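Observations on the model geometry
Read off the chains here:
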Amino acid sequence: MAAPTKEMLLDWYRQMVLIREFEETCHRLYEEKRITGVYLHLYSGHEASGVGSMAALRKTDHVITAYRDHGIGLILGMDPKAVMAEMMGKKTGSSGGKGGSMHLASAEHNFWGGYAIVGGHLPLAAGIALASKYRGEDDVTMTYVGDGATNNGYFHESLNMSAIWDLPVVWIIENNGYGMGTEVARASGQVELHRKAEAYGIKSFGRVDAQNALEVYAVASKAVEYARRKGPAVIEHVTYRYRGHGVSDKQYDARDDMSAELQEWMATREPIKILRDCIESAYGDVAAILAGHEADAARIVAESVKFAEASELPATYEDLMRNAYVASDLVHKSEGSVGAGID
Amino acid sequence: MAARNVAMREAIRRALREEMRRDENVFVMGEEVAYWQGTHRVTRGFLEEFGERRVRDTPISEMAIGGVAVGAALAGLRPVAEFMTINFAFLALDAIANHAAKVRYFFDGMFKAPLVYRAASGWGNQATASHSHAPEPIFAHFPGIYVGCPSNSLDAYGMLKASIRDDNPVLFTESIALYPKPSPMPDDLDGDYLIPIGKGDIKREGGDVTLVAYARGVDWALQAARQLARDGVEAEVVDLRWLRPLDMDLVYSSFKKTNRCVIVEESLPMYSFGSEIAALLQENMFDYMDAPIKRVAAEDVPLPYSKEIELLALPNAQKVADAVKEIV
Ligand SMILES: Cc1ncc(C[n+]2csc(CCOP(=O)(O)OP(=O)(O)O)c2C)c(N)n1
Ligand SMILES: [Mg+2]
């Protein structure tokens, strides 16, 4: 693995402040009822986990995740305008308003999406990796999975299958301490989550401080190379959610010890600050560049909000019905057929 | 008799709490039921009152929630296992359909599985496709388990109590939209108030058309009935309350009077509650039928996130009233 260059580090900073700005804006818009619905799970606090690990990928690799997907999409280069429009359910959204916050995806970026059923995307990840291997391509599938999801049957079946078929998957367990309101130790018999790999004979790359993008990158690079050549790899990212589980999560209001814990993480393990300190200690005064990235993030997100709010909502019956099925000549459709979907 | 408006959530909580006080073998398990106080706050205060032994947080392991309940029930406990939402019960469908519902049958009556699965159900609020189901009919498909779906607080109270006390497995769904909805409960309600499993209820009398519904559909039917009354059409609203067993006597006697029927449901139209009721009516009430039987259900499509098309997909009172107008 090559050490990250100055350009890379500066670009990571750009990505991380963009995500933070985007997520905090979503939070505010939700409070103002300009984003509606019941599910909005933010990536604030997790930035280094996604940025550092995806920096180890090349363009042809694949990515899949759960519902905490805004940051993942932005890192891969999705247009913030299309992402914000999706938050608002607009036609111009990346999923045409059908999917919302939990279902971002981008075919052009090999981003196979965010999924809302805990664990449900894990066998899909194994399947995507199977397709790569089947075709003789050496692309890897980077798969993000929560700590809570590692207790679900989907996780165990998928890991095992990736092991017996030597599938090129990097399983990244984003351990942010909680699945909704349940601490890891109350949900998992094995609290060192990466060790679940052992049960399936999968190579674990251990536990990483995922508030430090450089450490994340270093380990992810090794794991990606391993997956490309040999088979599945597991990494555990230790991170923290700044905005609770999701917008309907009131635990921070209810529990003082939780907000104290949050304050502690923000004060001592803030991923953006850690990266900034690294860059400054290596390259001296880069304040102007960093400030430029911050200003750009503010501008880009503000523009995305403007764009999204000016866009149209899907409103017709055709908008509703479209894309439940692929249009196909092999399907018999007549006036009397029921349940075939519309073209 | 004096009555007080109580939200359905409170009525369910009260029934569950009273049953836990009454019978030491009744316990609850599920995701976030204990420390978080229940995702829908149904089990608020339970951990404090009953402790960790009887109020058990589980990991996000639906397959095990479904099956552990069966094992515990076989071995003499009376589990009330909660699926945070019914969407996640799909992961446990095998435990429910193949074990809860069949274990008695395939050992020819040797065992029983007196358990209750509780699950919050329903569409709406931009919850998006995979979190937007009211799939009660899927579970009611399987003989061996009963399915209850209350539409108001008092029914929820009496139905849940019966479900817990009965020795058969019951899937009990709670419409998320109805949780906060207040409806009257008598002040001096008897703690043994039980609604027999499979007993429906007439929620409004009328002679012109029969509206058959359950759970949230009852609200839409009642709203439509009020609207229709202004145009001189009197609708009778039959709340079946249980999808298994079905109280068809109630439907038939209403239909004999009205000779017309609209079936209302929150779920998808194909292979549905509406299909079942319509089939039974035409088989058994052919001589009384004066018009085609109509069904109001969700549109036949996964539910989208975006709010206007989401509303377009959902049933509502207007759609019910419109369907009635086509046949009266
Ligand atoms: C099968 C299933 N069960 C329950 C839920 C409800 N739910 C959504 S997210 C979540 C917690 C997941 O926690 P974790 O895997 O740690 O991911 P995090 O949210 O912390 O990123 C739960 C229980 C669900 N969506 N799917
Ligand atoms: Mg978590």
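Residues numbered from 1 in each chain as written. Chains lettered and ligands numbered in written order. Predicted model: local features only at pLDDT ≥ 70, side-chain atom pairs only at ≥ 80, totals over all residues. Heavy atoms only, no water.

Here we take up the domain arrangement of chain B. All names here are of chain B. Parsing chain B into structural domains produces domain 1 (3–186) and domain 2 (201–327). Centre-to-centre, using C-alpha coordinates, domain 1 lies 26 Å away from domain 2. Each side of the interface is counted separately: domain 1 has 33 residues, and domain 2 has 27 residues. Both faces combined, the contact of domain 1 with domain 2 buries some 2400 Å², and carbon together with sulfur accounts for 59% of it. Where domain 1 packs against domain 2, one counts three salt bridges. One salt bridge connects aspartate 155 with arginine 241, and the closest N-O pair in it is separated by 3.0 Å. Viewed at the interface, domain 2 and domain 1 are joined by 17 residue pairs in polar contact (both at pLDDT 80 or more). For the side of domain 1 that touches domain 2, the secondary structure elements donating two or more residues are helix 7 (136–140), strand 6 (146–148), helix 8 (153–165) and strand 7 (170–175). (Domains from an automatic or database assignment. Contact = heavy atoms within 4.5 Å. Buried area = accessible area lost by both parts, 1.4 Å probe. Salt bridge = Lys/Arg side-chain N within 4 Å of Asp/Glu carboxyl O. Polar contact = N/O pair within 3.5 Å; in protein donor to acceptor, adjacent residues only side chain to side chain. Helix = DSSP H or I, 4+ residues; strand = E, 2+ residues; numbered from the N terminus.)

In this section: the site of ligand 1. Near ligand 1 lie 21 residues; those nearest to it are Tyr67(A), Arg68(A), Gly148(A), Asn176(A) and Glu62(B). Between ligand 1 and Val118(A) there is a distance of 2.9 Å, counted from a nitrogen atom to a backbone nitrogen or oxygen. Between a nitrogen atom of ligand 1 and a side-chain N or O atom of Glu62(B), the distance comes to 2.5 Å. Summarising the interface, the protein chains cover 95% of the accessible area of ligand 1, which totals 580 Å² for the free molecule. (Near = heavy atom within 4 Å. Areas by Shrake-Rupley, 256 points an atom, 1.4 Å probe, with all protein chains shown as cover.)

Bringing empty space enclosed by the protein into the picture now. Residues and elements named next belong to chain B. Across all of its chains, the model carries one cavity of 30 Å³ or more by this definition. Volume-wise, the largest cavity comes out at about 40 Å³. Residue lining of the largest cavity: Thr39, His40, Arg41, Val42, Glu82, Phe83, Met84, Arg118, Ala119, Ala120, Glu174 and Tyr179, and that is the complete set. Every element with two or more residues in the lining of the largest cavity is listed here: strand 4 (78–83) and strand 5 (116–121). With three residues, the top contributor of residues to the lining of the largest cavity is strand 5. When its residues are assigned to classes, the lining of the largest cavity shows six nonpolar, two polar and four charged. (1 Å grid on protein atoms, 1.4 Å probe; cavity = no way out; pocket = protein on both sides within 12 Å on 5 of 7 lines; lining within 4 Å. Points joined across faces, edges and corners; volume = space filled by probe spheres on them. Nonpolar A, V, L, I, M, F, W, Y, C, P; charged D, E, K, R; others polar.)

Our next topic: the sheet that holds strand 1 (residues 62–65) of chain A. All names here are of chain A. Sheet architecture is open: six strands sit in the order 2-1-3-4-8-7, paired in parallel fashion. Only two strands of the sheet have a single partner each, and these edge strands are strand 2 (111–114) and strand 7 (203–209). Looking at each pair of strands side by side, their axes are set apart by 15° on average, direction ignored. Bridge count for strand 1 against strand 2 is two bridges, and the pairing is parallel. What sits directly across from threonine 65, in strand 2, is glycine 114. Strands strand 3 (141–146), strand 4 (169–175) and strand 8 (233–238) of the sheet are contacted by helix 6 (residues 153–164), whose axis makes an angle of about 150° with strand 4. (Pairing = 2+ DSSP bridges. Axes fitted to C-alpha atoms, helices over the stretch in contact; angles between N-to-C directions.)

In this section: the packing of helix 5 (residues 121–134) of chain A against helix 6 of chain A. Each pair of packed helices can be summarised by the angle the axes make with each other and by the distance between the axes. All names here are of chain A. It is the contact of helix 5 with helix 6, at a shortest axis distance of 8 Å, that shows an interaxial angle of 15°. By the angle between their axes, helix 5 is roughly parallel relative to helix 6. Considering only the axes of helix 5 and helix 6, their crossing is left-handed. Facing helix 5, whose interface residues are Leu122, Pro123 and Ala126, helix 6 presents Tyr154, Phe155 and Ser158. Among the residues making up the contact of helix 5 with helix 6, the classes are represented as five nonpolar, one polar and no charged. (Parallel < 35°, antiparallel > 145°, perpendicular 65-115°, else oblique. Left-handed = near helix turned anticlockwise from the far one by under 90°.)

All names here are of chain A. Tallied over the full model, the rule gives eleven aromatic pairs over all chains. Considering the side-chain rings of tyrosine 178 and tyrosine 240, the 6.5 Å spacing of their centres and the 80° angle between planes classify their relative orientation as edge-to-face. Linking tyrosine 178 in strand 5 (residues 178–179) with tyrosine 240 in the loop between strand 8 and helix 9 (251–254), this pair joins segments that are 62 residues apart in sequence. Assigned by exposure class, tyrosine 178 and tyrosine 240 land together as buried. An aromatic cluster is present here, built from Tyr178, Tyr240 and Trp265 joined pairwise through their rings. The ring of phenylalanine 205 carries lysine 203 above its face, with NZ or CZ at 5.0 Å from the centroid. (Phe/Tyr/Trp six-rings, centres within 6.5 Å; stacked < 30°, edge-to-face > 60°. Buried < 20%, exposed > 50% of the residue type's maximum accessible area, 1.4 Å probe, protein only. Lys NZ or Arg CZ within 6 Å of the ring centre and 35° of its normal.)

Looking now at the packing of helix 9 (residues 216–230) of chain B against helix 13 (residues 317–327) of chain B. Residue and element names in this part refer to chain B. Two elements in contact, helix 9 and helix 13, have axes whose closest approach is 8 Å; the angle formed by their N-to-C orientations is 55°. In this view, helix 9 runs oblique relative to helix 13, as classed from their interaxial angle. Considering how the two elements wind past one another, helix 9 and helix 13 form a crossing that is right-handed. Residues Trp220, Ala221, Gln223, Ala224, Gln227 and Leu228 of helix 9 form the contact with helix 13, whose own contacting residues are Ala317, Gln318, Val320, Ala321, Val324 and Lys325.

The accessible area lost on association of the parts is a frequent measure of interface size. Each side of the interface is counted separately: chain A has 45 residues, and chain B has 32 residues. The junction of chain A with chain B conceals about 3100 Å² of combined surface from both sides, 65% of it contributed by carbon and sulfur atoms. Where chain A touches chain B, the interface holds one salt bridge. The salt bridge partner of Asp57(B) is Arg186(A), with a shortest N-O separation of 2.8 Å. Inspection of the chain A/chain B interface yields 13 residue pairs in polar contact (both at pLDDT 80 or more).

Moving on: the sheet that holds strand 2 (residues 26–30) of chain B. Residue and element names in this part refer to chain B. The seven strands lie next to each other as 3-2-4-5-7-6-12, forming an open sheet whose pairing is mixed. Both outer strands of the open sheet, strand 3 (55–57) and strand 12 (242–244), are each paired with one neighbouring strand and no more. Neighbour-to-neighbour, the strand axes of this sheet turn through a mean angle of 20°, independent of strand direction. Two strands pair when backbone bridges link them, and strand 4 and strand 5 are joined in this way by four bridges, in the parallel orientation. Residue pairing across strands places glutamate 82 opposite arginine 118, the latter belonging to strand 5.

For the rest of this paragraph, the subject is the confidence of the model for chain B. On average, residues of chain B score 98 in pLDDT, and 100% of them are at 70 or above. Under the prediction, the complex receives an ipTM of 0.96, its pTM being 0.97. (pLDDT = per-residue confidence, 0-100.)

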